[in-house]
Amino acid sequence: MIIFQLGLIRGLVGQIVGTAVGLLLVSLIRLTMGLPAWKPEPAMIIGGVLGAVGFMIGVGALTDWIKWMRGQETHMHHGPPEGKPAWTRYFGTDYNHKVIGVQYGVTGILLLLVAGTLALIFRTELAQPGLQFLETSTFNTFFGMHGMVMIAGILLGVGGMMNYLVPLMIGASDMAFPRLNAFGYWINIPGAILLVSALFMGGWDTGWTGYPPLSVLAPMGVQAFMLGVYLVGISSIVGSANLLVTVAKMRAPGMSLFRMPIFVWAAVATSLIQLTATQLIGLAFMMVLAQRTLGLGFFDPVLTQHAIEVGSPPGNVVLFQHLFWFYSHPAVYVFILPGLGIISELLPVFSRKPLFGYKWIALSSLAIALVGFLVWAHHMFAAGMEPFLRIPFSFATMLVAVPTGVKFFSWVGTIWRGKLEFPAPMLFVLGAISVFLIGGLTGPPNGTVTTDLFLHDTYWVVGHFHATMFGGFIFPYFAAIYYWYPKITGRMYNERLAKLHFWLITPGFWVQSIGQILVGLHGMRRRIADYDPALGIQGGHMLITIAGFVIGLSVLIMVYNLVWSARRGPVASANPWRSRAPEFQIPSPIPEHSYATPFVVTGEPYDYGLPGSNYVNMNPAGAAAD
């Protein structure tokens, strides 16, 4: 059967075999040391690592590299696997950036659905005070897994947009390192499996942050959680390096830096963060695992007698928070910078006007990435950090508003007196601006010490964070899916279903986010399974839960629309949006080799409405011959 020939199935078998080998190896080593054969903590770590290696071998992501080590030649195959249906290429190792982009995107949506389902379960628990059907330990695991699986899904969505769009936008034939690109996608799959499997290994009660000492004492599920995040982090690092080289070395002739599409600027800024900061969360989680399995007291403030005798310094739990947030706050901009790039990319198309302040928008993405590295400790104002650090971090946090405000000013300037059109992508762009504004306005109180000490551990932060994520990524992601859907599939989506999706999710999210903010102001703490009825917030929690289900329904409508339209939607024209972008000047769906001949950039990317302007010459050789 063809199902057993798919790379994904072989990879899953390889992960099972690799995990079993790891468990057996640890047992044999312990036996040779005269110890009891079975100890779950080290066995789980080695089994998880070897399981990931087994998956990568089974799926074929390492095949060419192994052949090179053996002195064998390899050939870059283009198109579907020989003798197999075209759809099978999406379930195995493929080196085409468009296929990998779709793999990233679809996997990201699946993870978002898993994370959203977990949220609906514990939101149902919170609709009324008292424990209804979840135990506190299960509740803790569900909301921690919701947070981290959602983050993984967003990272894969970011990877999907950057992999699919950036080579097309700059005129590259593919990413600079196609095999590394495939490796970067497939390493996410064992990572995601480990994340989800943590639920069946006792879960974890630390929340998505994994703070010690809780993470040191948590059930074994915390190890699967941290290993899963580690593997997803590897994908971020190799993917960002690949993208930076691609943009630096493979741009089309005539495409100077300030002629690049604005989404490419956003992707570059995102990749700079991923390349330089992701190692820190991997280091923090590795230190926790070392403390659990080897007894190294990185974060243990209580010294053993032996440590006292040898003069070892005590551990420091706040050290973990510095390492964790040095990545995890810049990671917020990893999520939202591509989304803000999508907003800036689509507004000129549907306003039929040039992008207002193009250079300022481009540089503001780099400014956000830079300042984002200087604000991590505003998450720690209530954590016992050194008081003298609070003021500079508070000041730096306020400074982030400047480049973000530049983007809002540009968006308003682009819309002003434009000939606006309102298909689904434009609606989601406008919805993104409205939702992101909620996140932006509720952010500064978290960045000033006096207000943050009051708000820090309340649902105010939950509402702020969700508005930032939905406005900065989820809404722009949906806009991007609808906008480039004709280029991916060659068919148009159902516009009525897409607008139904928008008109359900937008007011639903307004109610959810503002409701979270209000119950937070009334004393609702985050990360708890129950609350005091005397707070008078039961009605607010009921509205938040109902809004959550409305959001979930809207996403299911989108999924149905995309799946149904891929087979039965009307055939799309090459350029349904009258875009100037080069990818809309070639047929839909985009051919295997995107551009039959390299194009030359001759103008500015967003000069909509200016007579005689032209961005790309798609046939420079022919023009020269004429």
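The structure under discussion appears in the preceding block.
Residues numbered from 1 in each chain as written. Predicted model: local features only at pLDDT ≥ 70, side-chain atom pairs only at ≥ 80, totals over all residues. Heavy atoms only, no water.

Quick look at the overall build of the chain now. Scanning the chain from N- to C-terminus turns up 22 helices and two strands. Expected size for 626 residues packed as a compact globule is a radius of gyration near 25 Å; at 25 Å, the chain falls within 12% of this value. Overall, the C-alpha framework of the chain stretches about 85 × 65 × 45 Å when taken along its three principal axes. Relative to its full complement of 626 residues, the chain shows a buried share of 56%. Long-range contacts, defined here as pairs at least 24 residues apart, represent 79% of the contacts in the chain between residues at least 6 apart. (Helix = DSSP H or I, 4+ residues; strand = E, 2+ residues; numbered from the N terminus. Rg over C-alpha atoms; globule rule 2.2 N^0.38 Å. Buried < 20%, exposed > 50% of the residue type's maximum accessible area, 1.4 Å probe, protein only. Contact = heavy atoms within 4.5 Å.)

Residue Pro212 is joined to Pro213 through a cis peptide bond whose omega torsion reads 5°. As for its position among the elements, Pro213 is in the loop between helix H7 (188–197) and helix H8 (214–217). A cis amide bond, omega -10°, links Ser588 with the succeeding residue Pro589. Residue position: Pro589 is located in the loop between helix H21 (538–568) and strand E1 (600–601). Within the chain, Arg417 stands out as a residue other than glycine whose phi angle is a positive 60°. Along the chain, Arg417 turns up in the loop between helix H15 (401–415) and helix H16 (424–441). One non-glycine residue, Arg527, lies in positive phi territory at about 65°. With respect to the helices and strands, Arg527 occurs in the loop between helix H20 (495–521) and H21. Judged by its relative accessible area of 36%, Arg527 falls in the partly exposed class.

On to the pattern of salt bridges, then. All chains considered together, the criterion is met by eight salt bridges. Each of Arg89, Asp94 and Glu592 takes part in a single network of salt bridges with overlapping partners. (Salt bridge = Lys/Arg side-chain N within 4 Å of Asp/Glu carboxyl O.)

Let's shift gears to the nonpolar core. Within the largest apolar cluster, 190 residues are counted, with the highest numbers of intra-cluster contacts made by Ile154, Phe225, Phe335 and Trp484. Take this core: its biggest share by element is 21 residues, from helix H5 (residues 136–170). Sequence-distant contacts of Ile154, defined by excluding residues within four places in its chain, comprise Leu112, Phe335, Met469, Phe473 and Ile474. (Core = buried A, V, L, I, M, F, W, Y, C linked by side-chain atoms within 4.5 Å.)

A few words now on the side chain of Ser271. With respect to the helices and strands, Ser271 occurs in helix H10 (residues 262–294). When neighbours within four sequence positions are excluded, Ser271 is seen to be in contact with Met162, Ser240, Leu243 and Leu244.

Our focus in this paragraph is empty space enclosed by the protein. Tallied over the full model, the rule gives two cavities of 30 Å³ or more. In this structure, the largest cavity spans a volume of roughly 150 Å³. Surrounding the largest cavity, 16 residues form its lining, Tyr104, Gly159, Ser235, Gly239 and Gln274 being those nearest its centre. Listing elements by their share of the lining of the largest cavity, those giving two or more residues are H5 and helix H9 (221–249). (1 Å grid on protein atoms, 1.4 Å probe; cavity = no way out; pocket = protein on both sides within 12 Å on 5 of 7 lines; lining within 4 Å. Points joined across faces, edges and corners; volume = space filled by probe spheres on them.)

Before going further, it helps to spend a moment on a nonpolar patch on the surface. A cluster of nonpolar side chains, Ile2, Ile3, Phe4, Trp87, Tyr90 and Phe91, forms an exposed patch at the surface whose accessible area comes to about 560 Å². On the basis of relative accessible area, Trp87 is assigned to the partly exposed category, the value being 42%. (Patch = residues over 30% accessible without salt bridge, like charges linked within 9 Å, V, L, I, M, F, W, Y side chains within 5 Å. Areas by Shrake-Rupley, 256 points an atom, 1.4 Å probe, with all protein chains shown as cover.)

A few words now on the packing of H16 against H20. Helix-helix packing: each pair is described by the crossing angle between the helix axes and the interaxial distance. Axis separation between H16 and H20 bottoms out at 10 Å; the angle between their running directions is 5°. Considering the angle they form, H16 stands roughly parallel to H20. Across the interface between the two elements, Ala424, Leu427, Phe428, Gly431, Ser434, Val435 and Ile438 from H16 touch Glu495, Ala498, Lys499, His501, Phe502, Trp503, Ile505, Phe509, Trp510, Ser513, Ile514 and Ile517 from H20. Across the contact of H16 with H20, the residue classes break down as 13 nonpolar, four polar and two charged. (Axes fitted to C-alpha atoms, helices over the stretch in contact; angles between N-to-C directions. Parallel < 35°, antiparallel > 145°, perpendicular 65-115°, else oblique. Nonpolar A, V, L, I, M, F, W, Y, C, P; charged D, E, K, R; others polar.)

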